[in-house]
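# Per-entry structural report
Residue-level listing of the chains:
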Amino acid sequence: TMRVALTPRKVFHSNSSQVLMIPSRNEIDEAFLLGVLSSIPLDWYARRFVEVNFNFFLFNLLPIPCPNNNNALYRRIVELSGRLASKDERFKEWAASVGVKHGYLQPDEKQDKIFELDAVVAHLYELSEPQLIHIYETFHEGWDYTDRLNQVLDYYKSWKNKK
């Protein structure tokens, strides 16, 4: 599984972590990319190619959609991932640049945002409902995905007419 995080300033990374820096400092695009990279649909795709180490050679081949920033799906991914990433004061300035609140999220609220993020990203990739179900069924052998999939499907269906 690909682990994605927005790290605050002045944080050291180990030599085994991959750090992506966006020189333009466009926090809204950062939030969008963070949301797509954090989603199960993209992680499922990455698992088709990664066995042990996820390096930039593989990272550069990931299919990242490039919708217009006026696209409703793009805007919602920015909102969801921006809020999920801004968990405390260290992200206050970044959250303000993205246009979201920062601070602690209740566990249920956090999970709902994660479920909706997966659904919105699935729409951005133009996945059908059967394809989305297949991703969850084959994501990890032996995991109990039913509840999560049902929540994601609820959001997927609600976004079907909003695109």
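Residues numbered from 1 in each chain as written. Predicted model: local features only at pLDDT ≥ 70, side-chain atom pairs only at ≥ 80, totals over all residues. Heavy atoms only, no water.

With that out of the way, let us pick up the pattern of salt bridges. Note that side chains of opposite charge can pair when their charged atoms are close. If you walk through the whole model with that rule in mind, you get 6 salt bridges. One salt bridge in this structure joins Glu-79 and Arg-76, with 2.7 Å as the shortest N-O distance. Note that Glu-79 and Arg-76 are positioned in helix α4 (residues 72–85) at a spacing of 3 residues, about one turn of the helix. Look at Glu-79 and you get partly exposed, because its relative accessible area is 39%. One network of salt bridges, with partners in common, ties together Arg-76, Glu-79 and Glu-116. (Salt bridge = Lys/Arg side-chain N within 4 Å of Asp/Glu carboxyl O. Helix = DSSP H or I, 4+ residues; strand = E, 2+ residues; numbered from the N terminus. Buried < 20%, exposed > 50% of the residue type's maximum accessible area, 1.4 Å probe, protein only.)

For α4, built from 14 residues, the straight-helix expectation of 20 Å at 1.5 Å per residue is met to within 8% by its first-to-last C-alpha distance of 20 Å. Here α4 lies mainly inside the structure; 10 of its 14 residues are buried. Within α4, burial applies to Leu-73, Tyr-74, Ile-77, Val-78, Leu-80, Ser-81, Gly-82, Arg-83, Leu-84 and Ala-85. Elements in contact with the buried residues of α4: α1 (27–37), α5 (92–98), α6 (107–124) and α8 (146–159). (Expected span 1.5 Å × (residues − 1). Contact = heavy atoms within 4.5 Å.)

We now examine the environment of Leu-6. Examined against the element boundaries, Leu-6 turns out to sit in the segment before α1. Contacts of Leu-6, omitting those with residues within four sequence positions, involve Leu-34, Ala-85, Phe-91 and Trp-94.

A few words now on the nonpolar core. Phe-32, Ile-77, Val-78, Val-98, Leu-117 and Val-120 are the most contacted members of the largest nonpolar core, which has 21 residues in total. The element best represented in this core is α4, accounting for 7 residues. Counting residues in each nonpolar core, the second largest holds 14 residues, with Ile-40, Trp-44, Ala-119 and Leu-149 among its members. (Core = buried A, V, L, I, M, F, W, Y, C linked by side-chain atoms within 4.5 Å.)

Here we come to the packing of aromatic side chains. Under the counting rule described, the total for this entry stands at 5 aromatic pairs. Aromatic side chains Trp-143 and Tyr-145 sit 6.0 Å apart centroid to centroid with 40° between the ring planes, which places their arrangement in the tilted category. Accessibility expressed as a relative area gives 22% for Trp-143, which makes it partly exposed. On the accessibility criterion, Tyr-145 (21% relative accessible area) is partly exposed. Three or more aromatic residues joined by ring pairs make a cluster, and in this case those are Tyr-136, Phe-139, Trp-143 and Tyr-145. Arg-47 extends its terminal NZ or CZ atom over the ring of Phe-139, reaching a point 3.8 Å from the ring centre. The ring of Trp-159 is capped by Lys-162, whose NZ or CZ atom sits 5.0 Å from the centre of that ring. (Phe/Tyr/Trp six-rings, centres within 6.5 Å; stacked < 30°, edge-to-face > 60°. Lys NZ or Arg CZ within 6 Å of the ring centre and 35° of its normal.)

At a minimum axis separation of 8 Å, α1 and α4 run at an interaxial angle of 85°. By the criterion of interaxial angle, the relationship of α1 to α4 is roughly perpendicular. In this structure, α1 uses Ile-28, Asp-29, Ala-31, Phe-32, Leu-34, Gly-35 and Val-36 to contact α4, whose residues at the interface are Tyr-74, Ile-77, Val-78, Ser-81, Gly-82 and Ala-85. Residues of the contact of α1 with α4, tallied by class, amount to 9 nonpolar, 3 polar and 1 charged. (Axes fitted to C-alpha atoms, helices over the stretch in contact; angles between N-to-C directions. Parallel < 35°, antiparallel > 145°, perpendicular 65-115°, else oblique. Nonpolar A, V, L, I, M, F, W, Y, C, P; charged D, E, K, R; others polar.)

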